[in-house]
2 protein chains.
Amino acid sequence: MYPNWILQRAYLTPTRQALVFHEQSWTFEQLKEQSLQRAHQLTTLGVQQGSRVAIMGPSTPYFVMMLYACMHLQCEIVLLNRRLTKEELAYQLADSEAVMVLVADEDQEKLPPHVQQYTFSTIANSAEMAVDIAQEWSIQHTISIMYTSGTTGFPKGVRQTVGNHQASATASVLNIGLQTEDAWLCAVPLFHISGLSIIVRSLLYGNAIYLYDQFDVETITQHIIDGDVTHMSVVAVTLERILHTLEQQNAQASPRFKVMLAGGGPVPVDYLQRAYQRKLAVVQTYGMTETASQTATLTSEDGLRKIGSAGKPLFFNQLRINEPNGHGEGEICIRGPHVTPGYIGRYADKSTTVNGWLHTGDIGYIDAEGYLFVLDRRADLIISGGENIYPAEIENVLLTHPAVQEAGVCGQEDERWGQVPIAFVVLKETITTEQLQVFCQQKLARYKVPKEIIMVDELPRNGANKLLRRQLKKE
Amino acid sequence: MYPNWILQRAYLTPTRQALVFHEQSWTFEQLKEQSLQRAHQLTTLGVQQGSRVAIMGPSTPYFVMMLYACMHLQCEIVLLNRRLTKEELAYQLADSEAVMVLVADEDQEKLPPHVQQYTFSTIANSAEMAVDIAQEWSIQHTISIMYTSGTTGFPKGVRQTVGNHQASATASVLNIGLQTEDAWLCAVPLFHISGLSIIVRSLLYGNAIYLYDQFDVETITQHIIDGDVTHMSVVAVTLERILHTLEQQNAQASPRFKVMLAGGGPVPVDYLQRAYQRKLAVVQTYGMTETASQTATLTSEDGLRKIGSAGKPLFFNQLRINEPNGHGEGEICIRGPHVTPGYIGRYADKSTTVNGWLHTGDIGYIDAEGYLFVLDRRADLIISGGENIYPAEIENVLLTHPAVQEAGVCGQEDERWGQVPIAFVVLKETITTEQLQVFCQQKLARYKVPKEIIMVDELPRNGANKLLRRQLKKE
């Protein structure tokens, strides 16, 4: 058993700054008190301890408080991506069987109809009911659930346990170090593991979070120049915007700023060199929802020497390439206490690991010095502005249209977003690309809607009739 | 499964400095290579993987290499206290059923007769035999065994697992922080948990150890003044010597020096004030063999405000006082992943915990702000220069003498050592105190031999005839 993180942190360092949002700030003791109040209010509204609830909203202190309240109640928390369509959300709510959605007032209209829900303001205005808050948590307890798509089929709800999150945070600290005055700037979504892992680190490390609900590049860059914060998580596209802002002002990162963790796909070499000029240490990472954040990182010192590498595993993690000769290119496999025990819902019976090894579907190799290079993300994964897009998911949507006979989706390089999805379709009835675009917009989050739809006579397939998405790319 | 710490650390940071001893130093890669060589040599000499072996020697690189070699072979390593008598060692070797002793050449004569043994030089001169070194370790695997005495009966062999050590090191880092350039000065014995935990931290953190086989106060203090090291573990008596040396030179600790962990009993208030004058941050800790080092620590900031307190638990640990009213004085109980799963040998069946809680036998209370105060160490424990001395053990030795009818031992305050043991005896035959002293010297490590033996007509006992050791103290 492990202590309830929120209670333990408030006990150990009650007066330390925990959260900063615009002009307001909260100590760990204040977060504890307010989250306990929310837990008591949720109890009044019928949220049972240990039940599965979904939560949706922008990255605000209200969201953090609600998250902590659910943790106090040992709920299994389904973190909904607020960029999804009603259809996509409906799928996740049905699959997860979440008993209700706790939703920020401004996101209420994004929810599909007929969903049991409470807005944050309804909750905050409710009476409180006494409830025994668990002082300790089991290492196997599922704290969070995030949906991720895979090679084929439907999105899968990935369990992230107390043990997964703790292992991730402690392995990370052994890599990047820790000081009392460290502070993380969080401008990545809290519904992604990149954001949620900042929450976990804050509680375990006792560090403050500077939370942003918008990517306000001017203010964020100023924090880096002034050294108000020491750490930040970025994707390539946000890194570029910060670099651009630093360059415009001819400014440098403060010596107090320690490290920027860059995830969600490779960082262009040019960005690394520009960061170096601005004295901004960038650490490239390789991680995923199934590993509760980072598995490997490339240190800043190695950034230019090992360009394109995702570095070495964190201390408690193991990496290997699954290929017959023991070296060379193959599927990246991951083992460690940070690897999910499995899925919920439709895929609950699907094993995520083989002999403890997570087969990622990503292709890579490990060089002679032990550095990982990721060549291809699984399932021809398209990474657009840090969001994962699975071609199969878009193809499935296109195929539900009566006019579409075949569909193939791949990523196209894009200066701003890294990649964007484009689609190739074989028609059986006449339809315009505009009509197909509108159709997709109803079914898919905006970032997943193909930027271009191209009509073709046939799709490239191999002998087994398997779609060759890489071939599409060349076309 | 967790990675073999030595291989993983050498993989992640091969060229970092790992160990400094006098004028020599080793990188993590070099320690790996040399420890693997020793593992291959031990294999030639018949040491089986997973077997239980004992190890004895001063704190030298040879000792560290041998320890790592045994870890590679996944041996259960019995760490022998080289200050013990042959009789005491014979007990531990018999109880642990260690198949052999790996002994430093200079310690060979300290071993009891008829013990299967190899000296470090014999091992270093042996041929090497190939053996598969485990790449990963189970969390339940017992890495080390240390003997500790208890309230009653014989010394008990305490298991310390991979999980215990990892939990201890990660919980500690969340409290004291970590930077790449940190370096620990180790002048506490490696056969105690205070020393072994520095070894574990070095591997997990990637930090250098400055190792000392003698408490060379001049050189050690110079490291603190120069800031070559950032951390050190001390007991009250060694802290005093460092303070005295700083004061003589009118010197201060370097700003690079971060923290001194003071364990093995309370630190006198006067020392804390003197340390404050010398800008030396002292953190008081509470820990024991059964908890793989620290359970609680008092931060330096709180040092003077909460004088006499052992602070708050480390993040993953829980503390409570076992007493009927829920507050007030009572037995200190500890829960967490750092708590031993149990004993070996004679006490293998004795449970160490109740519902996961280790009942320490120590008496204390937790104040309104959650700070632990330790009032009495278990079993009237005497702490002398950081070594634990159990009155029962000395009493048992005295009682084996034919002239002794009853014996009672307690601690006497001592300016240098904190406490020293003194004995009260009721005789049945005439004998001199000198003769009893000589008898004790044959049976007990020097620091356990009573500094004074006082003949009395009767011992203070309660109604149940239980010896009242606290009453003895007053006499």
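By the naming in an unreviewed UniProt entry, chain A is 2-succinylbenzoate--CoA ligase, taken from Lysinibacillus piscis. As stated in UniProt under Function (unreviewed entry), the record for chain A gives "Converts 2-succinylbenzoate (OSB) to 2-succinylbenzoyl-CoA (OSB-CoA)." Comment text from UniProt for chain A, heading Catalytic activity (unreviewed entry), reads "2-succinylbenzoate + ATP + CoA = 2-succinylbenzoyl-CoA + AMP + diphosphate".

What follows concerns the sheet that holds strand 26 (residues 404-414) of chain A. Residue and element names in this part refer to chain A. Ordered by their spatial adjacency, three strands build an open sheet running 26-27-28, and the pairing between neighbours is mixed. Of all the strands in the sheet, the pair left with one neighbour each is strand 26 and strand 28 (452-455). Averaged over all pairs of adjacent strands, the angle between their axes in this sheet comes to 25°, without regard to strand direction. Sheet analysis places strand 27 (residues 418-427) next to strand 28, joined by four bridges and oriented parallel. Across the sheet, residue Phe424 finds its bridge partner in strand 28, namely Ile454. Contacts between helix 11 (residues 391-399) and the sheet are confined to strand 26 and strand 27, with strand 26 contributing the most and set at about 145° to the helix. Packed onto the sheet, helix 12 (residues 433-443) meets strand 26, strand 27 and strand 28 and runs at close to 135° relative to strand 28.

Take the environment of B:Arg278 next. Residue and element names in this part refer to chain B. Note that Arg278 resides in the loop between helix 10 (269-277) and strand 15 (282-288). Assessed through its relative accessible area of 14%, Arg278 is described here as buried. Spatially, the C-alpha atoms of Arg278 and Ser254 are 9.5 Å apart, while their sequence positions differ by 24 residues. A distance of 3.2 Å separates polar atoms of two side chains, one belonging to Arg278 and the other to Asn250.

This paragraph deals with the packing of helix 6 (residues 162-176) of chain A against helix 7 (residues 193-205) of chain A. All names here are of chain A. One can describe the packing of helix 6 onto helix 7 by two numbers: an axis separation of 10 Å at closest approach and a directional angle of 75°. Considered as vectors, helix 6 and helix 7 are oriented roughly perpendicular to each other. Here His165, Gln166, Ala169, Ser172 and Val173 of helix 6 lie close against helix 7, whose contacting residues are Ile193, Leu196, Val200, Arg201, Leu204 and Tyr205. Across the contact of helix 6 with helix 7, the residue classes tally to seven nonpolar, three polar and one charged.

A few words on the domain arrangement of chain A. Residue and element names in this part refer to chain A. When its domains are assigned, chain A resolves into domain 1 (2-137), domain 2 (170-380) and domain 3 (382-474). Between the C-alpha centres of domain 2 and domain 3 the distance comes to 28 Å. Across the domain 2 to domain 3 interface the summed buried area is about 1,100 Å²; carbon plus sulfur atoms make up 49%. On the surface where domain 2 and domain 3 come into contact, there are zero salt bridges. Summed over the shared surface of domain 2 and domain 3, the result is one residue pair in polar contact (both at pLDDT 80 or more).

Residues and elements named next belong to chain A. Examined against the element boundaries, Arg52 turns out to sit in strand 4 (residues 52-56). Looking at Arg52, its side chain comes within polar contact range of the side chain of Glu76, at 2.8 Å. From its side chain, Arg52 meets the backbone oxygen of Ser96 in a polar contact 2.9 Å long. Setting aside residues up to four positions removed in sequence, Arg52 forms contacts with Glu76, Val78, Ser96, Ala98, Val99, Met100, Ile145, Arg159 and Ile344.

About the cut-offs
- Residues numbered from 1 in each chain as written.
- Chains lettered and ligands numbered in written order.
- Predicted model: local features only at pLDDT ≥ 70, side-chain atom pairs only at ≥ 80, totals over all residues.
- Heavy atoms only, no water.
- UniProt positions renumbered as here; feature names shortened; annotations may be inferred.
- Pairing = 2+ DSSP bridges.
- Helix = DSSP H or I, 4+ residues; strand = E, 2+ residues; numbered from the N terminus.
- Axes fitted to C-alpha atoms, helices over the stretch in contact; angles between N-to-C directions.
- Contact = heavy atoms within 4.5 Å.
- Buried < 20%, exposed > 50% of the residue type's maximum accessible area, 1.4 Å probe, protein only.
- Polar contact = N/O pair within 3.5 Å; in protein donor to acceptor, adjacent residues only side chain to side chain.
- Parallel < 35°, antiparallel > 145°, perpendicular 65-115°, else oblique.
- Nonpolar A, V, L, I, M, F, W, Y, C, P; charged D, E, K, R; others polar.
- Domains from an automatic or database assignment.
- Buried area = accessible area lost by both parts, 1.4 Å probe.
- Salt bridge = Lys/Arg side-chain N within 4 Å of Asp/Glu carboxyl O.

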